[in-house]
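So you can see what is in the structure, the chains are spelled out below.
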Amino acid sequence: MSAFSKAQNFIFSKDFVKYVCSTHFWGPVSNFGIPVAAVMDLKKDPELISGAMTGSLIIYSLTFMKYSLSITPLNPLLFGCHLVNECAQLTQGARWVNHWYLGGKDEPKPIEAAAKTVTEAVSETVSKTA
């Protein structure tokens, strides 16, 4: 039997349909909105990060990673969802700590640095022509 036939038989089996219609599937799928949002926020300004919410989400994801391994049957989809969220939240937490406590707040933002360079260039040109 080919791999395609095996996959097709599994997808159309009663067990697979039962799994897709269960909370073991739809719970983690709907929960993936949290890690997707966290990953999308990795490029945003660290000024917008809430330290308290990030800390709460780190603890939440750790708790549910443990829960997903403790329940019967195991729920690898739930584990994967919270693993992605844990990694994203730890990254956000590191960005927050760097910004507020390790001097990241004092570093100029790229747009501010570019504006300062342009301002200096214009001032230099004006002083040469005057």
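Residues numbered from 1 in each chain as written. Predicted model: local features only at pLDDT ≥ 70, side-chain atom pairs only at ≥ 80, totals over all residues. Heavy atoms only, no water.

(A) Structural detail: the packing of aromatic side chains. Inspection of the entire model under this criterion finds 5 aromatic pairs. Their ring planes at 70 degrees and their centres at 5.7 Å tell us that Phe64 and Tyr67 sit as a pair that is edge-to-face. Pair noted here: Phe64 and Tyr67 are both in helix H5 (residues 51-70), with a separation of 3 residues, about one helical turn. The exposure class of Tyr67 is partly exposed, given its relative accessible area of 42%. Ring geometry for Trp96 against Tyr101: centres 5.6 Å apart, planes inclined by 70 degrees, an arrangement best described as edge-to-face. Assessed through its relative accessible area of 22%, Trp96 is described here as partly exposed. Three or more aromatic residues joined by ring pairs make a cluster, and in this case those are Tyr60, Phe64 and Tyr67. (Phe/Tyr/Trp six-rings, centres within 6.5 Å; stacked < 30°, edge-to-face > 60°. Helix = DSSP H or I, 4+ residues; strand = E, 2+ residues; numbered from the N terminus. Buried < 20%, exposed > 50% of the residue type's maximum accessible area, 1.4 Å probe, protein only.)

(B) Structural context of helix H6 (residues 76-101). Across its 26 residues, H6 extends 36 Å between first and last C-alpha, which sits within 8% of the 38 Å expected from 1.5 Å per residue. Listed as buried for H6 are Leu78, Cys81, His82, Asn85, Glu86, Ala88, Gln89, Gln92, Gly93, Arg95 and His99. Looking at the buried residues of H6, the elements they touch are helix H3 (23-31), helix H4 (33-40) and H5. Just downstream of H6, Gly103 is the residue with a positive phi angle, here 90 degrees. (Expected span 1.5 Å × (residues − 1). Contact = heavy atoms within 4.5 Å.)

(C) Broad picture of the environment of Ile49. Along the chain, the position of Ile49 falls in the loop between H4 and H5. Of the residues examined, Ile49 reaches a relative accessible area of 12% and is grouped as buried. Along the backbone, Ile49 and Gly93 are 44 residues apart, and their C-alpha atoms lie at a distance of 8.2 Å. Other than its neighbours up to four places away in sequence, Ile49 contacts Thr54, Gln92, Arg95 and Trp96.

(D) Structural context of the environment of Val20. Counting through the fold element by element, Val20 comes out in helix H2 (residues 14-20). In this structure Val20 comes out as partly exposed when scored by relative accessible area, which is 22%. When residues no more than four places from it in sequence are discounted, the contact partners of Val20 are Phe25 and Trp26.

(E) Quick peek at a nonpolar patch on the surface. Judged by side-chain polarity, Val97, Trp100, Tyr101 and Leu102 come together as a nonpolar surface patch covering roughly 430 Å² of accessible area. Within the element layout of this structure, Tyr101 appears in helix H6. Tyr101 sits in the exposed class, given a relative accessible area of 60%. (Patch = residues over 30% accessible without salt bridge, like charges linked within 9 Å, V, L, I, M, F, W, Y side chains within 5 Å. Areas by Shrake-Rupley, 256 points an atom, 1.4 Å probe, with all protein chains shown as cover. Salt bridge = Lys/Arg side-chain N within 4 Å of Asp/Glu carboxyl O.)

(F) Structural view of unusual backbone geometry. Along the chain, Thr72 connects to Pro73 via a cis peptide bond; the corresponding omega equals -5 degrees. Position of Pro73 relative to the elements: it lies in the loop between H5 and H6.

(G) Examining the side chain of Ser68 more closely. Locating Ser68 in the fold gives a position in helix H5. Judged by relative accessible area, Ser68 falls into the buried class, the value being 1%. Discounting residues that sit within four places of it in the chain, Ser68 has contacts with Leu74, Asn75, Leu78 and Phe79.

(H) Spotlight on the pattern of salt bridges. A complete count under the given rule lists 1 salt bridge for this structure. One salt bridge in this structure joins Asp41 and Lys44, with 3.3 Å as the shortest N-O distance. The class for Lys44 is partly exposed, based on a relative accessible area of 45%.

As far as function goes, none of this settles anything; it's purely spatial.
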